[in-house]
Amino acid sequence: MAGRINDEDVKAVRDAVPIDAVVSDYLQLRNAGGGNLKGLCPFHDEKSPSFQVSPSKGLFHCFGCQEGGDTIAFVMKIDHLTFSETVERLAAQAGITLRYEEGGYNPAHQRGERIRLVEAHKIAAQFYVDQLESAEAEIGRKFLAERGFDQAAAAHFGVGYSPAGWDHLTRFLRGKGFTDKELTLSGLSQEGRRGPIDRFRGRLMWPIRDIGGDVVGFGARKLRDDDNGPKYLNTPETAIYKKSQVLYGIDLAKKDIAKSSRAVVVEGYTDVMACHLAGITTAIATCGTAFGGDHIKILRRLLMDNGSARVIFTFDGDAAGQKAALRAFEDDQKFAAETYIAIAPEGMDPCDLRLAKGDTAVADLVEPRTPLFEFALRQIVARYDLETPAGRASALDEAAPVVARIKNSGAQHEVAVQLAGMLGILDTQFVVKRVAQLARWARDRGGRGPAPAAQRSSPAYEAAPQGFSGPALNLRSPAHRTERELIKLALQYPQLVSPAFDAYGLDEFTAPPYAAVRRAIEEAGGAEYGAQDPQEYLVRVRDAAPDDAVRSMVTELAVEAILRKTVDEMYAGIQLVQVRLRAVDRRIRDVQGSLARLGAGGDPQHLAAVQNELWVLQQYGQALRERGADAL
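The text that follows walks through the structure, step by step, so that each part is easy to find.

Cut-offs used in this document
- Residues numbered from 1 in each chain as written.
- Predicted model: local features only at pLDDT ≥ 70, side-chain atom pairs only at ≥ 80, totals over all residues.
- Heavy atoms only, no water.
- Helix = DSSP H or I, 4+ residues; strand = E, 2+ residues; numbered from the N terminus.
- Contact = heavy atoms within 4.5 Å.
- Pairing = 2+ DSSP bridges.
- Axes fitted to C-alpha atoms, helices over the stretch in contact; angles between N-to-C directions.

Details of the environment of V517
Then, number 1: The residue V517 is located in helix α24 (residues 512-523) in this model.
Then, number 2: With sequence-adjacent residues up to four places away left out, V517 is seen in contact with I487, L491, V550, M553 and V554.

Considering the sheet that holds strand β3 (residues 51-54)
Then, number 1: With respect to topology, 5 strands assemble into an open sheet ordered β1-β2-β3-β4-β5, the strand pairing being antiparallel. Among the strands making up the open sheet, the edge pair consists of β1 (30-33) and β5 (68-70). Each neighbouring strand pair of the sheet contributes to a mean axis angle of 25°, computed without reference to strand direction.
Then, number 2: Where β1 lies against strand β2 (residues 36-39), 3 bridges are found, and the strand directions are antiparallel. Paired with G33 across the bridge in β2 is N36.
Then, number 3: The strands touched by helix α27 (residues 548-559) are β2, β3, β4 (59-62) and β5; relative to β4, the strand with the most contacts, the crossing angle is about 105°.

Some words on the sheet that holds strand β16 (residues 370-371)
Then, number 1: Spatially, 5 strands are ordered β13-β12-β14-β15-β16 in an open sheet, and the strand pairing comes out mixed. The open sheet has two free edges, formed respectively by β13 (283-285) and β16, since each of these has just one partner strand.
Then, number 2: In the sheet, strand β12 (residues 262-266) pairs with strand β14 (residues 310-314) via 4 bridges, with the strands oriented parallel. Bridged to A263 within β14 is V311.
Then, number 3: Strands in contact with helix α13 (residues 293-303) are β12, β13 and β14; relative to β12, the strand with the most contacts, it is inclined by about 155°.

Structure (structure tokens):
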């Protein structure tokens, strides 16, 4: 049975790896105020950032999809790892040696599948790099040199060589403790007639890394005429490699993409190398598949859809390149960024262009850009004879629906005017109206659909998280806002509300979600414990939550900004008083109702007790109004 990781080591890993550093490997983060950071959520599609990270608390929370948690939870979710796999990966990054209970640690059996497959790829990548120095790999070194890549360039991109024998890598990995099953699952080996053999043999090897920097697959280039395989052979789909979800070079380009809000999409591994060496360090490529929706999701998180973002596609000028460009345009509206296409003179790709005309020519390639929509429209229009009315009408019939897909009405109108010019139709308004009509028809066919995003994010649409019973609640209404603020203070600034907060009962919180969080705080030791150990306190509160809905609410409130810039004892006191005062006023109304029901004919002793309670409550309420927090 797998040993459980020591609790102290888990805490050490959680404390040692800053959550903002981990999250920044996957998306661009910007200042959100109050010490928090924000970005586009990696767990659902959104156009404005609702994903927040609190470095001081070690937590993240998305106010759109309600995903949240600590560093470990983030890595588990985004990389589909188990708890143990995640802790082991983060521990390796932090240089922490983990201790295992229940029988110690056996790496061959106790590491999760993904960790094992990633480790196998890491070792394989170094194996291939070492083999590039062999005599047999002379053909690979020659291939690189002929394309303008020296030894330093090969080393920078981790390019290697797979020996031509049947099972060199397979035997090497077996010697490192990997099983035949693991080698087959990894895609590094395949079944032969007498057992596993190497999948890649006698080829130049490019390691394909995910956005976090882990090698998850390889691209292998044919070098010899007697190799009957395809020109490029990629790793098959595995538990860690999905070609539609990886971009070659993203690990090297991600920081510059985020910094410059620009990405350059090229077609091959050598094109990425050529661009980077020419100073275009935002270049990336797909891995044997068309650029699609999952690739867009990766880029959008880095580009942040900030209005000035640019994505430039560099396709060959041949028919295949034009077809690829049109496929990219099909997904164009999934970007908030502006998309462009750049085609090198004489149809050369960036690698050939660099060889022929140098680094400057590659840098210039992505400057004089043509908007992708314009390229797509020109490709359509070029198929028709515009000298005839029938030709112009047919071209309009095919091109107008393309323009109608543009979501921004202002941009749609502008492109419709350009289309009229391309077609040579003097009545510009006719084309504009035709496009607008098609856009309306498309919307009508789609039905009413969900409420607009602005409405859905408004307070009127907010409800209690799933798992809480009762009618939908407006958790940000004035009736609940103070309760929310006090719970946030108890989670984020426990020292300011302790020990008064710990004396508050569940009935003082009228929203069930807030009452549930209050109970979790109580079971975690209260705000007083939080004042002593803030980091561990939040972990304990989340652990004390009875279900995912309450746990999500804890994370949300621990990350959400306090409504006031200056958070001090005075502000905390105001929230404490307001929540208590509202609870007192509610109780006063209840008691007054009891008195009315008792009437003059009620039991005198009971009547006196109720009247006395009412007097005490009224006096307490008056004291809270006059003396504030001093009356608590």
